[in-house]
Amino acid sequence: MLEKSFDNRGKENYHRGPAARLLAKATTELAAAGVEDARLDAEILLAHACQCSRAELLCGAHDIDEEARERFEAMIGRRRRREPVAYILGYKEFYSLEIRVAPSVLIPRPETESVVSAALELIGNRPGLRLCDIGTGSGAIALAIAANLPTAKITATDISSEALLIARDNAARLRVLSRVDFRLADCWEPLDNVEPIGTFDLIVSNPPYVQDNEIELLAPEIRCYEPRLALSGGFDGLKFYRRIATQLRQYIHKGGFVVLEIGAAQATAVSEIMIAAGAVGVNLKSDLAGLPRVVVAAF
Ligand SMILES: C[S@@+](CC[C@H](N)C(=O)[O-])C[C@H]1O[C@@H](n2cnc3c(N)ncnc32)[C@H](O)[C@@H]1O
């Protein structure tokens, strides 16, 4: 039987059988807990619990046995406590790659895909380029570039050894581990051994850029679950751009580029930091809403 239900934005949904009842109940619970896309999240989690696609689930083509029902209820409990869907599933799609995530890494965001596109546009097909991703987290940026640029030599750093474990695991699953050198480092400062991290044609980074006093204003999914280390950009959110800039000239080849994700209000400040660090030109890339979210600096 086809059943009709409504999501928390009043949109009608038609589903069949037991899925309809489970989804309607879960949607109501998630909406009451303040989850924005309650219906969508419930569908994604039920499909995951049933190990099928959302399409199969929604046309009633999949059985929901007792085990799947229990898995789903446990996941809905976690989502009601505002744990992000990506941590519950254990992965997030980024630049068409499945990236494993855990609470020690930031969940890769769609806007960060613009950093990858900008980097790939800049370097084209030039073979043997050396590239560095500072604050690699799950490895999202470095791995998306590695997957699309088979000849690039990539160094990816992070101050979190737990994040580097996840990033290495992602690199191995995506079969690019031999092309990415993961290094424990505090910005430019290696923490794993005495070897310097190298010099590069392209440096990319999505550093922590949230102002410290704004972290508590973020959604619970972010402030309660994502690593502080990945968010905190100091009192004005610019701490890491300044740190990256300090020794930049030592690490970037002449004719090279730096591509940085920025907060929507940081374009002027970060451009000035790059110019003061010796950039000969700065360009901004905007997101779909027209807000500048990527700074490209030429050296
Ligand atoms: C905003 S997250 C970006 C993660 C990933 N690149 C992405 O775009 O999804 C920033 C990353 O910088 C790392 N980080 C924070 N402080 C650092 C430091 N001093 N040196 C190197 N990495 C740092 C954090 O551990 C975190 O993984």
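Within each chain, residue numbers correspond to sequence positions counted from 1 in written order. Reporting of local features is limited, given that this is a predicted model, to residues whose pLDDT is at least 70; pairs of side-chain atoms are given and counted only at 80 or more, and all residues count toward the totals for whole chains, interfaces and linings. Just so you know, side-chain values use all the structure's heavy atoms and leave hydrogens and water out.

## Focus on the overall build of the protein chain
Phase 1 of the analysis: Every helix listed is a DSSP run of H or I at least four residues long, and every strand listed is a run of E at least two residues long, numbered separately from the N terminus. Within the protein chain one finds 13 helices and twelve strands.
Phase 2 of the analysis: By the compact-globule yardstick of 19 Å for 299 residues, the protein chain fits well, its C-alpha radius of gyration being 21 Å.
Phase 3 of the analysis: Taken over the C-alpha atoms alone, the protein chain extends approximately 65 × 40 × 30 Å along its principal axes.
Phase 4 of the analysis: Relative accessibility under 20% of the residue-type maximum defines a buried residue, over 50% an exposed one, and the middle range a partly exposed one, all with a 1.4 Å probe and only protein chains included. Burial statistics for the protein chain: of 299 residues in total, 49% are counted as buried.
Phase 5 of the analysis: Residue contacts are counted whenever heavy atoms from the two residues lie within 4.5 Å of one another. When contacts within the protein chain are restricted to residue pairs at least 6 apart in sequence, those whose partners lie at least 24 apart make up 60%.
Phase 6 of the analysis: Carbon and sulfur atoms make up 52% of the accessible area of the protein chain, which amounts to about 14400 Å² in all.
Phase 7 of the analysis: Think of it this way: Lys and Arg go in the positive column, Asp and Glu in the negative one, and His and the chain ends go nowhere. The atom standing in for a charge is NZ when the residue is Lys, CZ when it is Arg, CG when it is Asp and CD when it is Glu. Averaging the locations of the 35 positively and 40 negatively charged side chains of the protein chain gives two centres separated by 2 Å. As defined in this context, the radius of gyration uses C-alpha atoms, and a globule is described by 2.2 Å times the residue total to the power 0.38. The protein chains shown are the only cover counted for residues, whose accessible areas, like all others here, come from Shrake-Rupley with a 1.4 Å probe.

## Looking at the pattern of salt bridges
Phase 1 of the analysis: By definition, a salt bridge exists where a carboxyl oxygen of Asp or Glu is found within 4 Å of a side-chain nitrogen of Lys or Arg. All told, the structure shown has 19 salt bridges when counted by the stated rule.
Phase 2 of the analysis: Between Arg183 and Asp192 there is a salt bridge whose closest N-O contact spans 2.8 Å.
Phase 3 of the analysis: The residue Arg242 makes a salt bridge to Asp236 at a minimum N-O spacing of 2.4 Å.
Phase 4 of the analysis: The structure contains a network of salt bridges with shared partners spanning Asp41, Arg79, Arg82 and Glu221.

## Considering the site of the ligand
Phase 1 of the analysis: Taken together, 19 residues sit near the ligand, with Gly135, Asp158, Asp186, Cys187 and Asn206 positioned nearest.
Phase 2 of the analysis: Each polar contact in these results corresponds to two N or O atoms within 3.5 Å; when the atoms are within protein, one needs to be able to donate a hydrogen and the other to accept it, and residues that are neighboring in sequence are counted only if both atoms are side-chain atoms. In the model, a nitrogen atom of the ligand is placed 2.9 Å from a nitrogen or oxygen of the Gly135 main chain.
Phase 3 of the analysis: Burial of the ligand by the protein amounts to 96% of the accessible area it has alone, namely 590 Å².
Phase 4 of the analysis: Throughout this entry, Asp, Glu, Lys and Arg are counted as charged residues, while Ala, Val, Leu, Ile, Met, Phe, Trp, Tyr, Cys and Pro are counted as nonpolar. The remaining residues, Gly among them, count as polar. Classifying every residue of the shell around the ligand gives eleven nonpolar, five polar and three charged. Neighbouring residues are identified by heavy atoms, a residue being near a molecule or strand if any of them is within 4 Å of it.

## Overview of helix α11 (residues 239-246)
Phase 1 of the analysis: Buried residues of α11: Phe240, Tyr241, Ile244 and Ala245, and no others. Angularly, the buried residues of α11 cover 140° about the axis, an arc narrow enough to put them on a single face.
Phase 2 of the analysis: Summarising the contacts, the buried residues of α11 are in contact with β5 (130-134), β9 (200-205), α12 (248-251), β10 (252-261) and α13 (267-276). The directions from the helix axis to the C-beta atoms are what the arc is built from.

## Topic: the nonpolar core
Phase 1 of the analysis: Throughout, nonpolar core names a set of buried Ala, Val, Leu, Ile, Met, Phe, Trp, Tyr and Cys residues whose side chains join them through atoms within 4.5 Å. Among the nonpolar cores identified, the biggest contains 41 residues, and Leu131, Ile145, Ile154, Val180, Phe182, Val204 and Val259 are the most heavily contacted of them.
Phase 2 of the analysis: With seven residues, the single largest contributor to this core is helix α7 (residues 140-148).
Phase 3 of the analysis: Judged by nonpolar contacts, the second largest core, of 27 residues, contains Cys187, Ile197, Ile203 and Ala279.

## Focus on unusual backbone geometry
Phase 1 of the analysis: A positive phi angle, near 50°, is found at Gln51, a position not held by glycine.
Phase 2 of the analysis: Position of Gln51 relative to the elements: it lies in the loop between α2 (38-50) and α3 (54-58).
Phase 3 of the analysis: Positive phi, normally seen in glycine, also occurs at Ser96, with a value near 65°.
Phase 4 of the analysis: Examined against the element boundaries, Ser96 turns out to sit in the loop between β3 (91-94) and β4 (97-100).

## Here's the deal with the side chain of Glu221
Phase 1 of the analysis: Topologically, Glu221 is positioned in helix α9 (residues 220-223).
Phase 2 of the analysis: Only 3.0 Å separates the side chain of Glu221 from the side chain of Arg79, close enough to count as a polar contact.
Phase 3 of the analysis: Ignoring anything within four residues of it in the chain, the contact list for Glu221 reads Arg79, Arg82, Pro84 and Glu226.

## A short note on a nonpolar patch on the surface
Phase 1 of the analysis: A cluster of nonpolar residues, Ile159, Leu191 and Leu229, forms a patch on the protein surface that exposes about 280 Å² of accessible area.
Phase 2 of the analysis: Its location among the elements puts Leu191 in the loop between β8 (189-190) and β9. The patches described consist of residues with a relative accessible area above 30% and no salt bridge, like charges being joined within 9 Å and nonpolar side chains (Val, Leu, Ile, Met, Phe, Trp, Tyr) within 5 Å.

## Details of the state of the cysteines
Phase 1 of the analysis: Pairs of cysteine sulfur atoms within 2.5 Å are what we label disulfides. Scanning the model with the defined rule gives zero disulfides in all.
Phase 2 of the analysis: Sulfur of Cys52: no disulfide; nearest cysteine sulfur belongs to Cys50 and is 5.0 Å away.
Phase 3 of the analysis: On the basis of relative accessible area, Cys52 is assigned to the buried category, the value being 12%.

## Looking at the packing of helix α1 (residues 17-32) against helix α4 (residues 66-80)
Phase 1 of the analysis: Here, axes are lines fitted to C-alpha atoms. For helices the fit covers the stretch in contact, and angles between N-to-C directions go from 0 to 180 degrees. One way to put it is that α1 packs onto α4 with a least axis distance of 10 Å and a crossing angle of 15°. Relative to α4, the element α1 is oriented roughly parallel. In this structure, α1 meets α4 at a crossing whose hand is right-handed. Residues Pro18, Leu22, Ala26, Glu29 and Leu30 of α1 form the contact with α4, whose participating residues are Arg69, Phe72, Glu73, Ile76, Arg79 and Arg80.
Phase 2 of the analysis: In the contact of α1 with α4, the residues fall into six nonpolar, no polar and five charged. Angles are sorted into four bins: roughly parallel if under 35 degrees, roughly antiparallel if over 145, roughly perpendicular if 65 to 115, and oblique for all others. Should the near helix be turned anticlockwise from the far one by less than a right angle, the crossing is left-handed, and should it be turned clockwise, the crossing is right-handed.

## Section: the pairing of strand β12 (residues 292-298)
Phase 1 of the analysis: Counting buried positions along β12 gives seven out of seven residues, so the element sits mostly inside the fold.
Phase 2 of the analysis: Both β10 and β12 contribute to a ladder of five bridges, which runs antiparallel. The residue of β12 that forms the bridge with Phe257 is Ala298.
Phase 3 of the analysis: The criterion for strand pairing is that DSSP finds at least two bridges linking the strands in question. Where strand β11 (residues 281-286) and β12 come together, six bridges link them in antiparallel fashion. Pairing of Asn283 across the sheet is with Val296, part of β12.
Phase 4 of the analysis: Count of turn residues in the β11/β12 antiparallel hairpin: five residues, of which Gly290 carries a positive phi of about 85°.

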